[in-house]
Amino acid sequence: MRLLEALRRAAERPGQVVIPDIKCCSPGEGELMRGRDPVEMAVRLAGAGAPALSVVTERSHFGGSLELLRRIVRATGLPVLCKDFFSTPDELKAAREAGAAAVLLIYACLGEERLAALSRSAEAIGLEVLVEAHTAEELAMASRLGAPLVGLNNRDILQLERDGGGAAHIQALGLHRPREAFLISESGLRSPMEVRQAIRAGADAALVGTALWQTDDPIGTYRRFCRRCSIKLCGITERVGLEHCRAAGADLLGFVVDYPEPVPWNLTVTEAERLLPHCGEIPSCVVTGGRPEQVVALARRLHPRWIQLHHRETLAETAWIAREAAALGIGVIRSIPVDRTVCAHQFGTADPETLAHRLAEVGVGMLLIDTRGASGQREQPLEAAMALYRTLHRQNRLPVLLGGGIHKDNLEEVLRQSGADFIDVLSGSEDAPGEKSKDKIRDLLERIGG
């Protein structure tokens, strides 16, 4: 199958289209494979649903080879993009003989005339061409060339991955994309959220490499990159449920601990101490509330990645907790009441944008909009939470979670109406309070892709 056809077919499925970039090392990050066999990794990525692969064959800076590409093509049967600094027709012919379906031609290295000539040479021997641009001028050149596949490199290739990159680059240039081309956002995308930002900004797919190889679980990480939203599975109370959530590849694992209300998911600190070490690479989140000193003592004892404040803490108390948690290397998620009267009483303002600004200023790292109030009971309809979510998501100061009453049967509608990047699921992943359902978790994950 040709590369463009494989990518277009993948775009018809749930989730984001992500091409894994197989490279052995990076000038900016050093050795990446860490003893892993790149061919075995390619086979496992194909099994995880990768529609195509990219293989860096440049040897001096990236440790690749045409032999590596040849072995990956044979082992996976997927269309493979060969990434190198091509400059002659003979180099293109060698890539084709090694099994490449497509080659990368870089405007910054070739200029318009040489790129156009090499593109014709590639097409004459059956190779597709991904034309790589970095600036608005280079995108305009790709449009003049009529390139069906265009890559927008978020980094300056001439700096060999030593500059920043990230989704901000395509957000700035997305409007300049060639309208008829399939656009791939390349390089520097570090998280699933950045992939979604790139695709919202105009990309049809993303190419991700370093961020996969810097983890202990590249395959699970790849699946998370492919999802159309991230997912926090909350209310974990026992080890088997934790394993279900881990096996599904949740983005965040939530534990209600020492919560000051009688909710059925509440764990003691001792129970939480036994569970949290088994989260592995997946970040943990302790949902709690109450007196700031107690919250910080809990954070110090359990040391999760996040503390979620879900009770009646004021802005001043939230600020104090966030400052103390930051000193421990722990982030703070702050729940926002959907009821405007309650919000004004708790924080001194009911205006969502003002509140988001103030919470960002005091060090909160993420917001949560949830139909469940401080009592732990569902107090507001999901529609009201989605409306508030949309408002806060537009402010673009902090990432926002949407939770409360989300389950497999309403997930499609929730995502359609809210545009949520990150959902928080509690009862929708259970057979009973605290009893995680492997089947319900699987169904949720299937619906968000990856």
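Presented here is an overview of the structure given in this document. (Residues numbered from 1 in each chain as written. Predicted model: local features only at pLDDT ≥ 70, side-chain atom pairs only at ≥ 80, totals over all residues. Heavy atoms only, no water.)

Gaps between atoms show up when a probe of the same size as a water molecule is rolled over them. Empty space within the largest pocket amounts to approximately 510 Å³. Where the lining of the largest pocket is concerned, the elements lending two or more residues are helix H8 (192–200) and helix H10 (218–226). Here the residues of the lining of the largest pocket are counted per class, giving 12 nonpolar, five polar and six charged. (1 Å grid on protein atoms, 1.4 Å probe; cavity = no way out; pocket = protein on both sides within 12 Å on 5 of 7 lines; lining within 4 Å. Points joined across faces, edges and corners; volume = space filled by probe spheres on them. Helix = DSSP H or I, 4+ residues; strand = E, 2+ residues; numbered from the N terminus. Nonpolar A, V, L, I, M, F, W, Y, C, P; charged D, E, K, R; others polar.)

What follows concerns the nonpolar core. Phe-255 and Ile-369 are the most contacted members of the largest nonpolar core, which has 61 residues in total. A per-element tally of this core places helix H17 (residues 382–395) first, with six residues. Excluding residues within four positions of it along the chain, Phe-255 makes contact with Ile-236, Leu-242, Leu-267, Leu-275, Leu-276, Cys-279, Ser-284, Cys-285, Val-286 and Val-287. The next biggest cluster of nonpolar side chains, apart from the first, holds 56 residues, and it includes Leu-53, Leu-118, Val-195 and Tyr-222. (Core = buried A, V, L, I, M, F, W, Y, C linked by side-chain atoms within 4.5 Å. Buried < 20%, exposed > 50% of the residue type's maximum accessible area, 1.4 Å probe, protein only. Contact = heavy atoms within 4.5 Å.)

This paragraph deals with empty space enclosed by the protein. By the definition in use, this model includes one cavity of 30 Å³ or more. Its volume calculated, the largest cavity comes out at about 240 Å³. At the level of elements, strand S16 (366–370) and strand S18 (422–425) are the ones that each hand at least two residues to the lining of the largest cavity. Here the lining of the largest cavity is composed, by residue class, of 10 nonpolar, nine polar and three charged.

Residues Glu-138, Leu-139, Met-141 and Ala-142 constitute the buried set of helix H6 (residues 136–145). One side of H6 holds all its buried residues, which, seen down the axis, span an arc of 155°. Turned more than 90 degrees away from the buried face of H6 sit Glu-137 and Arg-144, all of them exposed. (Arc of directions from axis to C-beta.)

A word on the sheet that holds strand S7 (residues 128–133). Spatial strand order, S1-S4-S5-S6-S7-S8-S9-S10: eight strands in a closed barrel with parallel pairing. The average undirected angle you get between the axes of adjacent strands in this sheet is 25°. One ladder, built from four bridges, connects S7 with strand S8 (residues 149–153); its direction is parallel. If you follow Leu-130 over to S8, its bridge partner there is Leu-149. Relative to the sheet, H6 contacts S7 and S8, its axis offset from that of S7 by approximately 155°. (Pairing = 2+ DSSP bridges. Axes fitted to C-alpha atoms, helices over the stretch in contact; angles between N-to-C directions.)

Further remarks concern the environment of Ala-52. Tracing the chain through its elements places Ala-52 in the loop between helix H2 (38–47) and strand S4 (53–56). The exposure class assigned to Ala-52 is buried, which follows from its relative accessible area of 0%. Residues within four places of Ala-52 in sequence aside, it is in contact with Leu-3, Leu-7, Ile-19, Pro-20, Leu-78 and Pro-79.

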